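Commentary on secondary and tertiary structure
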Amino acid sequence: MKIPTISEDVKYLNDKKINKINRKFKVSEQFSHEFKCALNSVFGAGRLYVGTHHLCFSYLKIIKKKHIVMAWNEMSDINKINGKCIEIRTKNGMFILIYCSSKVNELFDSLMESWRRSIIFSEKLKQITKRQTNETIAKNSNDEGILKEEPKHVVTIHRFHKSANDLFMLVFSNNETIKQLFDNIGQKEVKTEGWQNEANGGKILYLSYKGVSSVIGMETRIEEKWEMRMNENGIMIAMVVSVFDIPYSSYFKIESLMKMRDEGEYCDIVVKLNVKFMKSTIWKNRIEQTTMKEYKNKYEEWMKLIGKMIGDSQFEETEKYNSIKQKSIDKEKVIYGMVIFITICIVCCLLFLLIKILH
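In the nomenclature of an unreviewed UniProt entry, the protein chain corresponds to VASt domain-containing protein from the organism Entamoeba nuttalli. Taken from UniProt, the Subcellular location (unreviewed entry) comment for the protein chain reads in full: "Membrane".

Here it is as structure tokens:
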């Protein structure tokens, strides 16, 4: 019998397919990849689904369908054998063999990437269980984080039809996706080595790239430091941006905080921003105004791109609503301005007539 192969490339699953898989395996998560393969023997042909929290396999055994669900945090090792087989070992000593005759590299890379991403959360969730109260969590976040205080200026608020964990794993845990966010707003030579473990339990990511500074309108070197922390409500990503090679670049840093908060079946993203000055300068107001405007546009563009990346129809509806609302506000402003202008004209005419009468 011919060994079943992966007959098609990796594909991202739509919401309808994901809901069907969740019902079949009795889980609740996102599934990004689907493969045709065989489990433990060449006769166990079926389909393998790669999820954010589990690896699910469905195959036909004699006349009955069998389902296998394995959590990523149960795995201890993943190896490729003979170029046609992948071995998965669990922490309790069990192992599973996945057979495929072609494109095994794509399957192996997908498994390794999903396993790596899950480690970010499994490690962090263990630490969260040790924290007793919300006050302790907030205190640790502020005292140990890269931000000494929470930024005050809200620059964007958006809602996505995903959980905070899924949104982070699909977008912010992937180096290529992060680079795409920066490429989309015109940044060049984006470099990052991905998330790294921090001594105090968080995750740190370093970025460097070239971009055009809004302060003086010339290309400059920029570095960013991100810190990811989790709590019972969702995920927070603190960001500190340092600009180089321009006048007054050593005078300020840009601090922002992205809060991804679970609200039922949705995730609300709130981005706050602050321009922190280490030295005083007469150009403070101009630097602050141009920087706030630049980064507001940056995060707005990010939200649009994230919505497209994850195929979030809820985001598109929100965008449409915001657009209609903004047009309504603009129309009201025009009408209000015209009323003021006409009122001023009438007052001026009355004053002119009054002066004529008095003379």
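Having seen the structure, we can now continue with the description.
Structural notes on the overall build of the protein chain
When you go through the protein chain residue by residue, the secondary structure sums to seven helices and 15 strands. Within the protein chain, the fraction of its 359 residues that count as buried is 43%. Taking as baseline every contact in the protein chain between residues at least 6 positions apart, the subset at least 24 positions apart corresponds to 52%. Only carbon and sulfur atoms are counted for the fraction: they give 54% of the accessible area of the protein chain, which is about 20400 Å².

Looking at the side chain of Thr281
Along the polypeptide, Thr281 turns up in the loop between strand 15 (266-277) and helix 6 (284-309). Owing to a relative accessible area of 16%, Thr281 belongs among the buried residues under this scheme. Within the structure, Thr281 has its side chain in polar contact with the backbone nitrogen of Trp283 (distance 3.2 Å). Not counting chain neighbours up to four residues away, the residues in contact with Thr281 comprise Tyr248, Tyr251 and Ile287.

Things to note about the pairing of strand 13 (residues 234-244)
Most of strand 13 is tucked away, with 10 of its 11 residues classed as buried. Looking at chain direction, strand 12 (residues 219-231) and strand 13 are connected through 11 bridges and run antiparallel. Its bridge partner lying in strand 13, Arg229 is registered against Met236. Adjacent in sequence and paired antiparallel, strand 12 and strand 13 are bridged by two residues.

What about the sheet that holds strand 2 (residues 45-51)?
Spatially, 4-3-2-1-7-6-5 is the arrangement adopted by the seven strands of the open sheet, whose pairing is antiparallel. Pairing within the sheet leaves two strands with one partner each, and these edge strands are strand 4 (64-71) and strand 5 (75-81). Strand-to-strand twist across the sheet, computed as the mean angle between neighbouring axes with direction ignored, equals 30°. Inspection of the sheet shows strand 6 (residues 85-90) paired to strand 7 (residues 95-99) by five bridges, in the antiparallel sense. Considered in strand 7, the bridge of Glu87 is made with Leu97.

Examining the pattern of salt bridges
Throughout the structure, instances matching the rule amount to 16 salt bridges. The partner of Lys272 in a salt bridge is Glu150, with the nearest N and O atoms 2.7 Å apart. Here Lys272 is found in strand 15, whereas its partner Glu150 is found in the loop between helix 3 (134-144) and strand 8 (153-160), with 122 residues between them in sequence. By relative accessible area, Lys272 is classed as buried at 19%. Here the salt bridges do not stand alone but share partners, grouping Lys17, Glu34 and Arg47 into one network.

Examining the side chain of Glu255
Considering the arrangement of structural elements, one finds Glu255 in strand 14 (residues 252-263). Put simply, Glu255 is tucked away with no salt bridge, and the nearest opposite charge, on Lys276, sits 4.0 Å away. Setting aside residues up to four positions removed in sequence, Glu255 forms contacts with Leu147, Pro151, Met239, Val240, Lys272, Leu273, Asn274 and Lys276.

Brief notes about unusual backbone geometry
In this structure, Lys26 is a non-glycine residue whose phi angle is positive, near 60°. Its location among the elements puts Lys26 in the loop between helix 1 (15-25) and strand 1 (31-39). On the basis of relative accessibility, which here comes to 76%, the residue Lys26 falls in the exposed class. The residue Glu189 is not glycine, and still its phi comes out positive at about 50°. You can see Glu189 is positioned in strand 9 (residues 188-192).

Scoring rules and cut-offs
Residues numbered from 1 in each chain as written. Predicted model: local features only at pLDDT ≥ 70, side-chain atom pairs only at ≥ 80, totals over all residues. Heavy atoms only, no water. UniProt positions renumbered as here; feature names shortened; annotations may be inferred. Helix = DSSP H or I, 4+ residues; strand = E, 2+ residues; numbered from the N terminus. Buried < 20%, exposed > 50% of the residue type's maximum accessible area, 1.4 Å probe, protein only. Contact = heavy atoms within 4.5 Å. Areas by Shrake-Rupley, 256 points an atom, 1.4 Å probe, with all protein chains shown as cover. Polar contact = N/O pair within 3.5 Å; in protein donor to acceptor, adjacent residues only side chain to side chain. Pairing = 2+ DSSP bridges. Axes fitted to C-alpha atoms, helices over the stretch in contact; angles between N-to-C directions. Salt bridge = Lys/Arg side-chain N within 4 Å of Asp/Glu carboxyl O. Lys, Arg positive; Asp, Glu negative; His and termini not counted.

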